[in-house]
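Below, each chain spelled out in residue letters.
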There are 4 protein chains.
Amino acid sequence: MTKANKRKIFNDPVYGFITIPFDFILDVIDHPWFQRLRRIKQLGMTHMVYPGALHTRFHHALGAMHLVNEAIEVIRSKGHPISPEEAEGVTLAILLHDIGHGPFSHALEHSIVSNIKHEQLSLMFMQALNKQFNGKLTLAIKIFSNTYKKKFLHQLVSGQLDMDRLDYLKRDSFYTGVSEGVVGSDRIIKMLHVYKDQLVVEEKGIYSIEKFIVARRLMYWQVYLHKTVLAAELMLVNILKRAKYLAEKNIQLFCTEALHQFLYHTYTYTDFKNNYNLLNDFAQLDDYDIMCSVKAWTTHKDFVLSKLCTDFLNRKLFKVELSPKHFDKNELLKLKKQVAAKHNLSLTDSSYFVLTETIENNAYNPENDKINLVFKNGSIIDITQASDNFNISAISKPVKKYVLAMVRI
Amino acid sequence: MTKANKRKIFNDPVYGFITIPFDFILDVIDHPWFQRLRRIKQLGMTHMVYPGALHTRFHHALGAMHLVNEAIEVIRSKGHPISPEEAEGVTLAILLHDIGHGPFSHALEHSIVSNIKHEQLSLMFMQALNKQFNGKLTLAIKIFSNTYKKKFLHQLVSGQLDMDRLDYLKRDSFYTGVSEGVVGSDRIIKMLHVYKDQLVVEEKGIYSIEKFIVARRLMYWQVYLHKTVLAAELMLVNILKRAKYLAEKNIQLFCTEALHQFLYHTYTYTDFKNNYNLLNDFAQLDDYDIMCSVKAWTTHKDFVLSKLCTDFLNRKLFKVELSPKHFDKNELLKLKKQVAAKHNLSLTDSSYFVLTETIENNAYNPENDKINLVFKNGSIIDITQASDNFNISAISKPVKKYVLAMVRI
Amino acid sequence: MTKANKRKIFNDPVYGFITIPFDFILDVIDHPWFQRLRRIKQLGMTHMVYPGALHTRFHHALGAMHLVNEAIEVIRSKGHPISPEEAEGVTLAILLHDIGHGPFSHALEHSIVSNIKHEQLSLMFMQALNKQFNGKLTLAIKIFSNTYKKKFLHQLVSGQLDMDRLDYLKRDSFYTGVSEGVVGSDRIIKMLHVYKDQLVVEEKGIYSIEKFIVARRLMYWQVYLHKTVLAAELMLVNILKRAKYLAEKNIQLFCTEALHQFLYHTYTYTDFKNNYNLLNDFAQLDDYDIMCSVKAWTTHKDFVLSKLCTDFLNRKLFKVELSPKHFDKNELLKLKKQVAAKHNLSLTDSSYFVLTETIENNAYNPENDKINLVFKNGSIIDITQASDNFNISAISKPVKKYVLAMVRI
Amino acid sequence: MTKANKRKIFNDPVYGFITIPFDFILDVIDHPWFQRLRRIKQLGMTHMVYPGALHTRFHHALGAMHLVNEAIEVIRSKGHPISPEEAEGVTLAILLHDIGHGPFSHALEHSIVSNIKHEQLSLMFMQALNKQFNGKLTLAIKIFSNTYKKKFLHQLVSGQLDMDRLDYLKRDSFYTGVSEGVVGSDRIIKMLHVYKDQLVVEEKGIYSIEKFIVARRLMYWQVYLHKTVLAAELMLVNILKRAKYLAEKNIQLFCTEALHQFLYHTYTYTDFKNNYNLLNDFAQLDDYDIMCSVKAWTTHKDFVLSKLCTDFLNRKLFKVELSPKHFDKNELLKLKKQVAAKHNLSLTDSSYFVLTETIENNAYNPENDKINLVFKNGSIIDITQASDNFNISAISKPVKKYVLAMVRI
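Attention here is on the structure that accompanies the text. (Residues numbered from 1 in each chain as written. Chains lettered and ligands numbered in written order. Predicted model: local features only at pLDDT ≥ 70, side-chain atom pairs only at ≥ 80, totals over all residues. Heavy atoms only, no water.)

So, the packing of aromatic side chains
Residues and elements named next belong to chain A. One pass over the structure, following the stated rule, counts 63 aromatic pairs over all chains. Between phenylalanine 34 and phenylalanine 58 the ring centres are 5.5 Å apart and the planes differ by 55 degrees, which places this aromatic pair in the tilted class. Linking phenylalanine 34 in helix H3 (residues 32-35) with phenylalanine 58 in helix H4 (residues 57-77), this pair joins segments that are 24 residues apart in sequence. An identical accessibility class is assigned to phenylalanine 34 and phenylalanine 58; each is buried. (Phe/Tyr/Trp six-rings, centres within 6.5 Å; stacked < 30°, edge-to-face > 60°. Helix = DSSP H or I, 4+ residues; strand = E, 2+ residues; numbered from the N terminus. Buried < 20%, exposed > 50% of the residue type's maximum accessible area, 1.4 Å probe, protein only.)

As structure tokens, this is what we get:
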């Protein structure tokens, strides 16, 4: 009976069950660096608007792995061999594609760890794991960094229609309850094909792809760039910026050890490259470090920090306005002065409470990478060209909006 | 315990439960003319492609009634009074909006009952029921025919965003299994509002509406105008045309009594208006009359009829090609000649096996009637203007395609 | 691109997609005898109570096939080889296990075709197909009739936990909307194992099995033996009995050709065995023959027949009472006399309007065949013994009820 | 447009949308004490086994509120008036029924706050809120503590079939992905009735109730008492016990302020009663305090603490065995000695790594409170008596199991 008992299955409200396809994958999942993803929410503070959105990067990584395995089966069944080694490689690549994310990644990258991207960290983590596991991730790293000969394997991990994207759209819409964002991942995967080493979609999948892009756009406006979600995120960015500012002035702050290190020092990409321990230190950080510090800071003597933290924690969030054009600088200055006056702040400090940002919703950007359809006659056409009206090419134009966020007065 | 037991509940896989809101509604549902809708499939022969698409006009009518009742509750909660009489009226209007449909409506209207529309028949049925029920449907008829003062009630029954459309899109996508067509009816209804006696949608519902229109477009191409669905429908049209042709030549055909009457006579709108019995005769027709005659005709001595019926029944369906432009007449003639030669037919008769058609997918046509959004400042804007890019106005352009359908040779 | 286009996919609201695993399977599906299952509803007249219950034996057969293929994959992954030939065999066996069903099977077997079981007909159909397809179904027939060496393959097709049962429970609960009957087929299949050539369930599946049995019991009382469903079924039985009775007296009845043959003649098992054409004639019968005749008979001059048919069609169904003990004979006689008096009938004829029946709900009967659990230590225990309380063995006791059905007076 | 914009709607993956029925409810939800429930997971460490089980007490409270409002509507429609004040009262009572829960409630109550129950704290919170809101919760408190005249309102909040239970079963099965635990809350609520001031279920709901009890039992074994869930919970209990032990010895521990207070002091029910601030201090505690301290303690110099925390965090969980009878004391001692030897521990300290527990699964206990069915003739019968076999009364017998949990050696 042994074999049955070793094959680990994860329950997943989204797909039902997720099976681990290779024994080695389980070793990687069991690694503390990967387990840590259980403590990092996929959507940061989005749960302040959508209370169900508490799913983690751990679950998303498993979900994306599940879709890659379905895609492998479909592609094989259409006559494109994928060896067991390649299957394991692409599975590991997708599983680890987000391992470099810190807690509240967006906020963190705009405050504390501002000069290094999560993709770079993911690669470093994979390389470090490769050492620990005696080279077993070599092929995965090649696929992840697109240096492996079969390019379509990389496209499954990273591209306009990768399994990462399919899973997060489906998972995010599931947990937020925004059912309109649900993507027909089943159908899209069944329509995948490989043509001249490119991942393509069969002709009859055109409407599914169109719907996928529209759903993605909808998720952007309704979830990722939702006004109140932006408000919470911008507050957290400012909280961390202020904490960093105070740390630089050597003012004492309650901190977990892991957060202390990154608050009181500033590390560069090179520091990480040269110092394996630093990576491990970074791997100690998770949502708990941030939130428990924010909670402690509600009583800090610095007014800016404690006010931001208290409002954030009790969900007295910034008011957010969106506009198609730049906000007027004089208007902004007036608002800052109002806030400064009310709370007895310097004009500089009032910037923590009145700020502007730019957001962009780019549901499908054919300039980077295309979604290609393959027709029965063998021709390959980009979805914007193939669709029977201007719809997709219309959506392909990115939409930029200007954000004004400020404390409620 | 009586009250609880009178309030009838229908199980519905789509919404869970459908409650009958007024006792009189149940009397109408129990009427044989309405019960007959249990025997008329909503999507005709679509189940030949999507085997689950067997749902009936009966279930759809109950579903649309359910949504109207949810919409009434939402609109009332936003400060727009709807009296119990008006609520019953609009409920009856939506319940009966499709009662004029015959079996395989599209096919029937293109062959046997070609000069009268189902909307006209629906109105006649409602008027006849009104007599039988002593005027209890007077208000419903006013709402249905848009002569009642509160125009928004009519818009719930018939308009760009009526509850008919919301239910059929949701129901059709549910039963076909084309999950991408699923519409967020819940959210859309929650966003309904009334402004200057117009049904409008709150500003924040904009992406849901956009998604609704895209889903509708997708359902057109993927289901309603699916090649193989068209093939089956066009075959049935030709079967009924041929049967009518033979009947006009007084050739004997196996027939149910109800079908016999409409096959061997041709009635006009005026005939129906002047003859109450004719309406009742029409109400005897359902899917069983058509299909059981088609089955019998598989052995008819007329080759055209029996060949069409046999192929249809055993799912040897026409081959269908779609094109953005007219098919060449000479090409068509050549094909007809081929078929005529193969089956030893006259060129005229070969037209039953080679034919062309035009189809149009008009997901949202603002020329007829608009979907209006209301903004916080009180302004009203058509969705094509309000959307943040060209997307909706792109979709609003109807797409025409040309169809060539022919027997497989 | 050819390979991708040949692999046919069916949409299914229950599982999403059903893939045809072998090319030959598609040839069998395309056969008119199998296509006919598209016109036979799985649950007969149940849709009179649950309007969504219109799914066909065609769709169920595809669904059961889908589950068998999932089971094959699971069993293989646990180290039990199943050859491609065996996989195709068991797939064909499950696909065709119900092909012997006539329309409204239960009603038909209690009236017109009363001396031959559908399992016998299924086998005959399979044998006839085997001839037509040059022996390609030989292995399937062995598995179906349990003469193949690997017994567990037969158990997948027919047993206490076969894929037939899993699919119909899931499908019936889905389409009726009785969501409580939904079975965790995914989980049960993942827990399947083979031990000493027996299909068994892993220990940790115990609660899923318990739930499966409870769900089955619930479906019996709530759907299969629902009072109003019984009423409709018993009326149809009596309609067909009366028609048969009139036919035997050589009274003319509107009839489709196929129905005529079985109404005006009585065939035995041997007749079928000796006459291949008879099987083909039987294959012409479907729901349309029955319902369209019932509709015609509403105006037949025989009062018993026309009254039954009219009431049936317009859903004026029998009143049904259930009781744990026999109904009193004198009471019954009194009721029959009442009905006879009211409608001016002989006492004999009144039996068409007042009748009794016995029903039994046997959710799990370990006397026939057991559901066995396999424990980590390798021991095998029947579910009734393994469950941690009396629950399952309690359910295993069949429940008998007595039915009184009669016309409303 | 104002009215529409004030009526707040929450997205919920389980029910779609949750509407706030009264304006005052939103004030209570906005209170920091209630917002804190956003940071307390409903199922503690269950997500270590079911990664989706991250839903919070906040979401559950909203869900239970939603069900209460559906129940109110059903009960009213059956002729039992419930005034708007009563509706608001019962809504507030269910919303706040769990507000007394601390983080990882089970673990906390077995370690740090061991002498006071969460129900008592809930009541104190409600009383304190009542003061803050000038008596607006008086009726809610009466209903919650069952001193209001209409007893059935209390039963909606707390009883064998309360809305709390319905929501948590449904929500827990949804987020764990254990779809077999899903309860037909819709149907059960539709079957609710009030008879002699008792909440009862209509006769025809009997199978739904049976299914509800079986689903509850399944959730106990499969989720709440799942071996690995027990392992994680028992480790957390021991971590907190050890921390408390060290605190009592005045050894320094990294701590959030809120946790520090409850770790370094021991409070009684009377302390809480007499000190309003203590309640507010308790309200500062949430999952973040516990987890972030556990993380810090992984490097504490106390071996017992750091070993437990490190293993816990990296998911090296205790091995758990279940048995129907007591574990042998000598056997236990032997195991403790093994552990003591391996890690160089005193025998006393080895008890942190080898321990026993008792668990009980009592799906339905008619001794406390019954689920009553009302029959058409007006009689009321307990479900165990009404069910047509021994099933329910079998399930009603509680099942006790003995647990042995220990570190892996």
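The structure having been displayed, the exposition proceeds.
A word on unusual backbone geometry
Positioned with a positive phi, B:Asn250 is a non-glycine residue whose angle comes to about 65 degrees. When you line up the elements, B:Asn250 lands in the loop between helix H13 (227-248) and helix H14 (257-264). Since its relative accessible area comes to 65%, B:Asn250 is described here as exposed. One non-glycine residue, D:Phe104, lies in the positive phi region at around 45 degrees.

A closer look at the state of the cysteines
What the rule picks out here adds up to 2 disulfides over all chains. The disulfide partner of A:Cys292 is D:Cys292, and the S-S distance across this bridge is 2.3 Å. Of the two residues, A:Cys292 sits in helix H17 (residues 287-297) while D:Cys292 sits in helix H17 (residues 287-297), which places them in two different chains. Note on B:Cys255: no disulfide assigned, nearest cysteine sulfur contributed by B:Cys292 at a separation of 9.1 Å. On the basis of relative accessibility, which here comes to 10%, the residue B:Cys255 falls in the buried class. (Disulfide = S-S within 2.5 Å.)

A few points about the sheet that holds strand S5 (residues 319-323) of chain C
All names here are of chain C. Here we have 3 strands laid out as an open sheet, ordered S5-S9-S6, and antiparallel in their pairing. The open sheet is flanked by S5 and strand S6 (354-361), the only strands paired with a single partner. Strand-to-strand twist of the sheet, defined as the mean angle between neighbouring strand axes without regard to direction, takes the value 25 degrees. Where S5 and strand S9 (residues 399-406) come together, 5 bridges link them in antiparallel fashion. What sits directly across from glutamate 321, in S9, is leucine 404. Relative to the sheet, helix H12 (residues 206-224) contacts S6 and S9, its axis offset from that of S6 by approximately 170 degrees. (Pairing = 2+ DSSP bridges. Axes fitted to C-alpha atoms, helices over the stretch in contact; angles between N-to-C directions. Contact = heavy atoms within 4.5 Å.)

With respect to helix H12 (residues 206-224) of chain B
Here H12(B) spans 25 Å end to end across 19 residues, near enough to the 27 Å set by a 1.5 Å rise per residue. Most of H12(B) is tucked away, with 19 of its 19 residues classed as buried. (Expected span 1.5 Å × (residues − 1).)

Some details on a positive patch on the surface
Among the surface-exposed residues, A:Lys8, C:Lys204, C:Lys376, D:Lys227, D:Lys319 and D:Arg408 lie close enough to one another that they form a single positively charged patch. Mapped onto the secondary structure, D:Lys227 falls in helix H13 (residues 227-248). The exposure class assigned to D:Lys227 is partly exposed, which follows from its relative accessible area of 40%. (Patch = residues over 30% accessible without salt bridge, like charges linked within 9 Å, V, L, I, M, F, W, Y side chains within 5 Å. Areas by Shrake-Rupley, 256 points an atom, 1.4 Å probe, with all protein chains shown as cover. Salt bridge = Lys/Arg side-chain N within 4 Å of Asp/Glu carboxyl O. Lys, Arg positive; Asp, Glu negative; His and termini not counted. Charge placed at Lys NZ, Arg CZ, Asp CG, Glu CD.)

Things to note about the pairing of strand S3 (residues 192-195) of chain C
Looking along a regular strand, one sees the side chains alternate between the two faces of the sheet. Residue and element names in this part refer to chain C. Taken together, the 4 bridges between S3 and strand S4 (residues 198-202) define a ladder with antiparallel strand orientation. Paired with tyrosine 195 across the two strands is glutamine 198, which belongs to S4. Counting the residues between successive antiparallel strands, the hairpin from S3 to S4 contains 2 residues, one of them, lysine 196, with a positive phi of roughly 50 degrees.

Topic: the interface of chain D and chain A
On the chain A side, the residues contacting the 43 residues of chain D number 43 residues. When the two sides are added together, the surface that chain D and chain A hide from each other amounts to roughly 3,400 Å², 58% of it contributed by carbon and sulfur. Broken down residue by residue, the surface that chain D buries against chain A is led by D:Arg38, D:Pro51 and D:Tyr288, which jointly contribute 19%. If you look at where chain D meets chain A, you find 4 salt bridges. For the salt bridge of A:Asp289 with D:Lys295, the shortest nitrogen-to-oxygen distance reads 2.3 Å. Between the two partners, chain D and chain A, sit 16 residue pairs in polar contact (both at pLDDT 80 or more). Going through the elements one at a time, strand S1 (9-12), helix H3 (32-35), helix H4 (57-77), helix H10 (163-176) and H17 of chain D are the ones with two or more residues in the side of chain D that touches chain A. (Buried area = accessible area lost by both parts, 1.4 Å probe. Polar contact = N/O pair within 3.5 Å; in protein donor to acceptor, adjacent residues only side chain to side chain.)

Things to note about the nonpolar core
Of all hydrophobic cores here, the largest spans 616 residues; its most connected members are A:Trp297, B:Trp297, C:Trp297 and D:Trp297. When sequence neighbours within four positions are dropped, the list of residues in contact with B:Trp297 reads B:Ile239, B:Leu240, B:Ala243, B:Leu253, B:Phe254, B:Cys255, B:Leu259, B:Leu263, B:Leu305, B:Ser306 and B:Cys309. (Core = buried A, V, L, I, M, F, W, Y, C linked by side-chain atoms within 4.5 Å.)

Topic: the packing of helix H17 (residues 287-297) of chain B against helix H17 (residues 287-297) of chain C
Two numbers describe how H17(B) lies on H17(C): the axes approach to 9 Å, and their chain directions differ by 120 degrees. It follows that H17(B) is oblique to H17(C) by the angle criterion. When the axes of H17(B) and H17(C) are compared, the crossing they make is left-handed. Across from B:Asp287, B:Tyr288, B:Asp289, B:Met291, B:Cys292 and B:Lys295 in H17(B), the residues of H17(C) making contact are C:Asp287, C:Tyr288, C:Asp289, C:Met291, C:Cys292 and C:Lys295. In the contact of H17(B) with H17(C), the residues fall into 6 nonpolar, no polar and 6 charged. (Parallel < 35°, antiparallel > 145°, perpendicular 65-115°, else oblique. Left-handed = near helix turned anticlockwise from the far one by under 90°. Nonpolar A, V, L, I, M, F, W, Y, C, P; charged D, E, K, R; others polar.)

Here we look at helix H18 (residues 303-313) of chain C
Residues and elements named next belong to chain C. Of all 11 residues that make up H18, 9 are buried, and the element is covered over most of its length. Those residues of H18 that sit buried are Val304, Leu305, Ser306, Lys307, Leu308, Cys309, Asp311, Phe312 and Leu313. On the buried face of H18, the contacting elements are helix H13 (227-248), H17, helix H19 (329-343) and helix H20 (347-350). Two residues or fewer past H18, arginine 315 is found with a positive phi of approximately 60 degrees.

Description of the sheet that holds strand S8 (residues 380-382) of chain A
Residue and element names in this part refer to chain A. The 4 strands are arranged S3-S4-S7-S8 in an open sheet whose pairing can be described as mixed. Two strands in the sheet have a free side with no partner beyond their single neighbour: strand S3 (192-195) and S8. Averaged over all neighbouring strand pairs, the angle between strand axes comes to 45 degrees, with direction disregarded. Two elements, strand S7 (residues 372-374) and S8, share 3 bridges in a ladder whose sense is antiparallel. What sits directly across from asparagine 372, in S8, is aspartate 382.

Quick word on the relation of the copies chain D and chain A
For the match of chain D to chain A, the screw axis carries a shift of 0.0 Å, the RMSD comes to 0.0 Å, and the turn is 180 degrees. The superposition of one copy onto the other is thereby described by a two-fold rotation axis. Ranked by how close their C-alpha atoms come to the rotation axis, the residues of chain D are headed by D:Tyr288, at 2.7 Å. Here 100% of the interface residues in chain D have copies in chain A that are interface residues too; the copies meet face to matching face. (Least-squares fit on C-alpha atoms with pLDDT ≥ 70 in both.)

Purely spatial values, then, with no claim about function.
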